[in-house]
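Chain by chain, the residues:
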Amino acid sequence: MSAAEARSREHPVRVIYLGGLGRSGSTLLERLLGELPGVCACGEVVHLWQRGVTGNERCGCGLEFSACDFWKQVGKEAFGGWDKVDIDRIGYLKDAVDRTRMIPRLSRPARLSSRLRSDLAEYSGNYVRVYRAIADVSGCGAIADSSKHASLAFCLSSRPEIDLRVIHVVRDSRAVAYSWTTRVPRPEASRPEQESPGSYMTTYSPSKAAVHWDAQNGALQLLARRGTPVLRIRYEDLVQATEQTLRRAATFAGLPEGDLSLNFLHTEGDEPCAELTTAHTASGNPMRFTTGRLPIRGDDRWRSAMPDSQRRTVTALTFPLLRSYGYLGRPE
């Protein structure tokens, strides 16, 4: 082991990993965490390679990835420049180890073949370098990554150089399934005058969204049973009791309570709001571009807009976890 590797293990970089299925509120939580002292919110790092380095999509600061000084410095610190990164190799490694179907094997690392152990070490090593560089460039002691994928969380849990704290973000499966049927623009993917297939986020049928909801949430529960620190936070609690929920998340992440200023949260009239500053997020929900006043309100459109047949289907497919998370028996 080199001296640098020894130091990295002795002083691991703290990563607050937001896990769960998309459309569950992870971007909101990430933006709020990013306003806390000592936390750098960096978006969905899992998409950094294709959407940032290769696709040159816009950073949360508004600049294209290649023009953002923050990410240029991160690339230089981590790899000597993004042009030194073999993106095709990272894509190959991702296909080999960072897939939902690999979770049963990733949950038993001692049983992995030597080839898979090697691929896992190489793949996760790229994230160690990126996180360490983000910490160095930002000067922050904690990195908030909203990649969400449970499989990546399993990959990261194999690295002693990472102090991994997983926040499992859940939302009512029916709300999530309804959201996945709506078209959400990706403003970073194309110019306003050009519409392409990549101009919108992926959509799923309600039944497919329900299956993904089960898979991601179930996998994160397995991760917790395997010893990784995991805190479950419900989207509904985040929007209804923002300050208390954010304090729970911060305490779990090991942030110093004495430095936990929440003066960016306030109320205008009867509406809770947050004042957001610019964040250098590599990818994620369009909310990552929001700066200034952000009203914090729940999105319950699904209650009136979701067809009863779809609601029944999603409820049936997700019933065990839906009940476990406290969503059944509540007023509709």
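The text that follows walks through the structure, step by step, so that each part is easy to find. (Residues numbered from 1 in each chain as written. Predicted model: local features only at pLDDT ≥ 70, side-chain atom pairs only at ≥ 80, totals over all residues. Heavy atoms only, no water.)

1. Digging into the sheet that holds strand β2 (residues 39–41)
Piece 1. Reading across from one edge, β2-β3-β1-β4-β5 is the order of the five strands in this open sheet, with parallel pairing throughout. A strand with exactly one partner marks an edge of an open sheet, and here the two such strands are β2 and β5 (230–234). Each neighbouring strand pair of the sheet contributes to a mean axis angle of 25 degrees, computed without reference to strand direction.
Piece 2. Bridging between strand β1 (residues 13–19) and strand β3 (residues 142–148) involves five bridges; their strand directions are parallel. Pairing of G19 across the sheet is with K148, part of β3.
Piece 3. Across the sheet, helix α2 (residues 26–33) touches β1, β2, β3 and β4 (162–170), and the angle it forms with β1 is around 150 degrees.
Piece 4. Sitting on the sheet, helix α7 (residues 114–138) is in contact with β1, β2, β3 and β4, with an inclination near 110 degrees to β1. (Pairing = 2+ DSSP bridges. Helix = DSSP H or I, 4+ residues; strand = E, 2+ residues; numbered from the N terminus. Axes fitted to C-alpha atoms, helices over the stretch in contact; angles between N-to-C directions. Contact = heavy atoms within 4.5 Å.)

2. Describing the pairing of strand β6 (residues 265–268)
In summary, the side chains of a regular strand alternate between the two faces of the sheet.
Piece 1. One ladder, built from four bridges, connects β6 with strand β7 (residues 271–276); its direction is antiparallel. Within β7, the position partnered with H266 by the bridge is C273.
Piece 2. Here β6 folds back onto β7, and the loop between the two strands holds two residues, one of which, G269, carries a positive phi near 70 degrees.

3. Observations regarding helix α14 (residues 308–324)
Piece 1. In a regular helix each residue adds 1.5 Å, so 17 residues correspond to 24 Å; α14 covers 22 Å between its end C-alpha atoms and thus fits that length.
Piece 2. Taken as a whole, α14 carries its principal kink of about 80 degrees at T318; the proline P320 stands between one and four residues after it.
Piece 3. Within α14 the residues assigned to the buried category are R311, V314, T315, T318, L321 and L322.
Piece 4. Residues of α14 that are buried sit in contact with α9 (173–180), α10 (206–225) and α13 (302–305).
Piece 5. Backbone geometry just after α14 places G326 at a positive phi near 85 degrees. (Expected span 1.5 Å × (residues − 1). Bend = angle between axes of the 7 residues up to and from the residue. Buried < 20%, exposed > 50% of the residue type's maximum accessible area, 1.4 Å probe, protein only.)

4. As for the packing of α9 against α10
Piece 1. Two numbers describe how α9 lies on α10: the axes approach to 8 Å, and their chain directions differ by 130 degrees. As far as their axial angle goes, α10 and α9 are oblique. Two packed elements cross with a definite hand, and for α9 against α10 that hand is right-handed. Across the interface between the two elements, S173, V176, A177 and W180 from α9 touch P206, A209 and W213 from α10.
Piece 2. Partitioned by chemical class, the residues of the contact of α9 with α10 number six nonpolar, one polar and no charged. (Parallel < 35°, antiparallel > 145°, perpendicular 65-115°, else oblique. Left-handed = near helix turned anticlockwise from the far one by under 90°. Nonpolar A, V, L, I, M, F, W, Y, C, P; charged D, E, K, R; others polar.)

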